[in-house]
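Residue-level listing of the chains:
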Amino acid sequence: DVKVTQSSRYLVKRTGEKVFLECVQDMDHENMFWYRQDPGLGLRLIYFSYDVKMKEKGDIPEGYSVSREKKERFSLILESASTNQTSMYLCASSGTGYNSPLHFGNGTRLTVT
Amino acid sequence: AQSVTQLGSHVSVSEGALVLLRCNYSSSVPPYLFWYVQYPNQGLQLLLKYTSAATLVKGINGFEAEFKKSETSFHLTKPSAHMSDAAEYFCAVSPPGSYIPTFGRGTSLIVHP
C-alpha cells in the first residue's frame, strides 16, 4: 500500500514565521501535490511537482513556495506566515498514467496566530 | 478550464436508504473521473475511478458510479446507507493528457439512525 506521510498533524505558528510542511511518499511516485482544504471551497491546488526539482504553480501559489530535492520528499514553504494561511494542508502523490489516482497523507492543520 | 460541480454541500439520508451524490463536469471531451471519500481527521482515499472500460463503475464499500457522457455526469450511488458512510465525498476530474485533477467542493453525507 502506498503511504504518504506528513510530518505534523497539527501546527501552530505566529504571523511572520517561516513555516515548513514536509511530505514523504514511499512508492517511487513521480508526481506530488500540495493542496489546501477550506470548508466550502473543497481542495485547491497550491503546487504540483512532476519530477525532482520540477514544479508547476497551481491555482493559489501566492505566499507559498515548494522544494523537491529528492523524489520521495516534497516540502511546502510559507515564507512569512499570515493568518489567512490558517488551513488544512494535504499532500498527495500519484504514479505514471493519466488516470492514476492520488494517494493522500492525513493532512496538517496549520493555525497562524 | 475544467470545472466540477457537486450539487448539494450536505446530503442527509436515513440508515438503509438510497444514497445519491451528484457530480457534473464541464468538458467536451470525456475526462478521467474519480470519487474520493474523506473520513474525519483523515486524508482522502479513492472510492472508485472511471476507466472507460464500462460506464458503470463499482468501488469500495458498496458504492458505484455511472458515467453518462450525454449528461456530463458521474453520480455516486449506494443502495443502502450505513452509519459508517457518514463522511465528506469529493468528485475529481482530470482532462485527457493531464496529471492534475480538479476537485469539486465536496458533499457531506449525513446518515441518520
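The structure displayed is predicted, hence computed values, not measured ones. (Residues numbered from 1 in each chain as written. Chains lettered and ligands numbered in written order. Predicted model: local features only at pLDDT ≥ 70, side-chain atom pairs only at ≥ 80, totals over all residues. Heavy atoms only, no water.)

An account of the overall build of chain A is needed here, citing residue identities and associated values.
When helices and strands are counted, chain A shows 0 helices and 12 strands. Reading the secondary structure of chain A in the N-to-C direction produces β-β-β-β-β-β-β-β-β-β-β-β. Taken over 113 residues, chain A has a buried fraction of 48%. Across chain A, contacts joining residues at least 24 apart in sequence account for 55% of those joining residues at least 6 apart. Only carbon and sulfur atoms are counted for the fraction: they give 48% of the accessible area of chain A, which is about 5,500 Å². (Helix = DSSP H or I, 4+ residues; strand = E, 2+ residues; numbered from the N terminus. Buried < 20%, exposed > 50% of the residue type's maximum accessible area, 1.4 Å probe, protein only. Contact = heavy atoms within 4.5 Å. Areas by Shrake-Rupley, 256 points an atom, 1.4 Å probe, with all protein chains shown as cover.)

How would you summarise the environment of A:His103 if you had to cite specific residues and measurements?
Residue and element names in this part refer to chain A. The residue His103 is located in strand β11 (residues 103-104) in this model. Since its relative accessible area comes to 29%, His103 is described here as partly exposed. Placed 91 residues apart in sequence, His103 and Val12 show a C-alpha to C-alpha distance of 25 Å.

Describe the state of the cysteines, listing the residues and the values that go with them.
In the structure shown here, the tally under the stated rule is 2 disulfides over all chains. Between the sulfur atoms of A:Cys23 and its disulfide partner A:Cys91 the distance amounts to 1.9 Å. Disulfide A:Cys23-A:Cys91: torsion about the S-S bond near -80°, hence left-handed. Of this pair, A:Cys23 sits in strand β4 (residues 23-25) while A:Cys91 sits in strand β10 (residues 87-94), and the two are 68 residues apart along the sequence. A relative accessible area of 0% places A:Cys23 in the buried class. Sulfur-sulfur distance for the disulfide between B:Cys23 and B:Cys91 comes to 1.9 Å. (Disulfide = S-S within 2.5 Å.)

Describe the pattern of salt bridges, listing the residues and the values that go with them.
Pairing between side chains of opposite charge can happen when the charged atoms of each approach one another. All names here are of chain A. Following the criterion strictly, the structure yields 8 salt bridges over all chains and no others. Between Glu30 and Lys71 there is a salt bridge, with its nearest N and O atoms 3.4 Å apart. With Glu30 in the loop between β4 and β5 (31-38) and Lys71 in the loop between β8 (64-70) and β9 (73-78), the pair connects residues that are 41 residues apart, well separated along the chain. Taking the shortest distance from any N to any O, the salt bridge between Asp38 and Arg44 comes out at 2.8 Å. The class of Arg44 is partly exposed, set by a relative accessible area of 24%. The network of salt bridges with shared partners includes Asp28, Glu30 and Lys71. (Salt bridge = Lys/Arg side-chain N within 4 Å of Asp/Glu carboxyl O.)

Outline the environment of A:Leu43, listing residues and values.
Position of A:Leu43 among the secondary structure elements: in strand β6 (residues 42-51). Judged by relative accessible area, A:Leu43 falls into the buried class, the value being 6%.

So what's going on with the pairing of strand β12 (residues 107-112) of chain B? Which residues, and what values?
Residue and element names in this part refer to chain B. Of the strand pairs in this sheet, strand β2 (residues 10-14) and β12 are connected by 5 bridges, and their pairing is parallel. From the neighbouring strand, Val11 faces β12, where its bridge partner is Leu109. Note: strand β10 (residues 87-94) against β12, 3 bridges, orientation antiparallel. Residue pairing in the sheet places Tyr89 in a bridge with Thr107 of β12. (Pairing = 2+ DSSP bridges.)

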